[in-house]
Amino acid sequence: MAKDVIIACDFPGREETLGFLEDFKDEKLFLKIGMELFYSQGPDIVREIKDMGHRIFLDLKLHDIPNTVKSAMKVLKGLSVDMVNVHAAGTSEMMKAALEGLSEGTEERPLLIAVTQLTSTGKESLMSELLINSSMEETVMHYALNARNSGLDGVVCSPLEAKDVHKVCGDDFLTVTPGIRFKDSSADDQKRIMTPEMASKAGSDYIVVGRPVTRADDPKEAYRRCRKEFLGE
Ligand code: C5P
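Residues numbered from 1 in each chain as written. Predicted model: local features only at pLDDT ≥ 70, side-chain atom pairs only at ≥ 80, totals over all residues. Heavy atoms only, no water.

Description of helix α4 (residues 66-77)
Over its twelve residues, α4 runs 16 Å from end to end, which matches the ideal 16 Å to within 8%, given 1.5 Å per residue. Along its buried surface, α4 packs onto β3 (55-62), β4 (83-87), α5 (92-103) and β5 (111-115). (Helix = DSSP H or I, 4+ residues; strand = E, 2+ residues; numbered from the N terminus. Expected span 1.5 Å × (residues − 1). Contact = heavy atoms within 4.5 Å.)

Structural data, given as structure tokens:
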């Protein structure tokens, strides 16, 4: 199974993003583009980065009625991105509709993964606001299984959950895991973290790394270190 390092391009605009990519002229990267960059620059930034030969995980976390999500996915597929996502909370019907939108017309489609519970949602709000009385672990595994049964390719989760997700959903179900930090780097606002090496041992398929690479004094060296620790290269 493919394992890879995805760099989170959490930059406010085009200039900062392309400035960062200058350093990586000779490499083909896997980059995560999130809402900030997409909403500020529109689909053109995706096309521009694709044209440079990089792969893209477009992290827009769709969550709407099935028909709307299906139509939106048809549009995103036209951008030739490599990975997209939805909220599993949108229900199995919505996840299946997303998959239909991505699959219509061609055999090749981007990987489709689901967000289970956001890591920013605490136990308290799970119960008192969302009225979910199951534990966080149970909820995450149940949502992951819904995603698997809807035909999705995997979930975004903490590397600490990767083993259990594989146990419940199978080894071929992808775990895409943020919350990655080097042993000697700052945790920033991340709480439950693992090093690339630990994440690899825990069974993460893709690690998503932002600030430890984008804010490093030497981003190229930091990226290399990620690959070495995670992929053993
Ligand atoms: O800079 P850092 O390595 O913390 O970046 C992690 C990236 O993964 C960010 O883009 C963040 O929004 C995203 N993410 C996360 N935790 C989640 C889901 C996404 O950190 N549960």
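The structure having been displayed, the exposition proceeds.
Quick notes on the pairing of strand β8 (residues 206-209)
Here β8 shows two buried faces, one formed by Tyr206 and Val208 and the other by Ile207 and Val209. Strand direction decides the pairing type here: strand β1 (residues 4-8) and β8, joined by four bridges, are parallel. Across the sheet, Val5 pairs through a bridge with Ile207, a residue of β8. Pairing geometry for strand β7 (residues 174-177) and β8, over two bridges, is parallel. Counted as the bridge partner of Val176 is Tyr206 from β8. With helix α9 (residues 196-202) bridging β7 and the parallel β8, this β-α-β connection has right-handed handedness. (Buried < 20%, exposed > 50% of the residue type's maximum accessible area, 1.4 Å probe, protein only. Pairing = 2+ DSSP bridges. Right-handed = clockwise from strand over helix to strand, strands pointing away.)

A look at the packing of aromatic side chains
The full count for this structure, using the stated rule, is five aromatic pairs. With centroids separated by 5.7 Å and ring planes inclined at 90°, the aromatic side chains of Phe24 and Tyr223 adopt a geometry described as edge-to-face. Placement of Phe24 in the loop between α1 (14-22) and β2 (30-34) and of Tyr223 in helix α11 (residues 219-231) is noted, with a sequence separation of 199 residues between them. The same class applies to Phe24 and to Tyr223, which are both buried. A centroid spacing of 5.7 Å and a plane angle of 80° characterise the contact between Phe30 and Tyr206, whose relative ring orientation is edge-to-face. Placement of Phe30 in strand β2 and of Tyr206 in strand β8 is noted, with a sequence separation of 176 residues between them. The structure contains a cluster of three or more aromatic residues connected by ring pairs, namely Phe11, Phe20, Phe24 and Tyr223. The side chain of Arg225 reaches across the aromatic face of Phe182, ending 4.1 Å from its centre. (Phe/Tyr/Trp six-rings, centres within 6.5 Å; stacked < 30°, edge-to-face > 60°. Lys NZ or Arg CZ within 6 Å of the ring centre and 35° of its normal.)

Section: the nonpolar core
Counting 59 residues, the largest nonpolar core has Val46, Leu58, Met73, Val86 and Leu112 as its most contacted members. Ranked by residue count, the leading element in this core is helix α7 (residues 136-149), at six residues. Not counting residues within four places of it along the chain, the set of residues in contact with Val86 comprises Lys61, Leu62, Val69, Met73, Met94, Met95, Ala98, Leu112, Ile113, Ala114, Val115 and Leu152. Among the nonpolar cores identified, the runner-up in size contains twelve residues, and Val156, Leu174, Val176 and Tyr206 belong to it. (Core = buried A, V, L, I, M, F, W, Y, C linked by side-chain atoms within 4.5 Å.)

Concerning the packing of α1 against helix α3 (residues 43-51)
Running from N to C, α1 and α3 cross one another at 15°; their axes reach a closest spacing of 12 Å. Classed by the angle they form, the pair α1 and α3 counts as roughly parallel. Seen along the crossing, α1 lies across α3 with a hand that is right-handed. Along its contact with α1, which presents Arg14, Thr17, Leu18 and Leu21, the element α3 presents Ile45, Glu48 and Ile49. Of the residues assigned to the contact of α1 with α3, the class counts are four nonpolar, one polar and two charged. (Axes fitted to C-alpha atoms, helices over the stretch in contact; angles between N-to-C directions. Parallel < 35°, antiparallel > 145°, perpendicular 65-115°, else oblique. Left-handed = near helix turned anticlockwise from the far one by under 90°. Nonpolar A, V, L, I, M, F, W, Y, C, P; charged D, E, K, R; others polar.)

Quick look at α3
Residues of α3 that are buried: Ile45, Val46 and Ile49. For α3, the angular spread of buried residues about the axis comes to 100°, placing them on one side. For α3, the exposed residues set more than 90 degrees away from the buried face come down to Asp44 and Asp51. At its buried positions, α3 is contacted by α1, β2, α2 (35-41) and β3. Backbone geometry just downstream of α3 places Gly53 in the positive-phi region, at approximately 95°. (Arc of directions from axis to C-beta.)

Take it as geometry only, folks, not as evidence of what the structure does.
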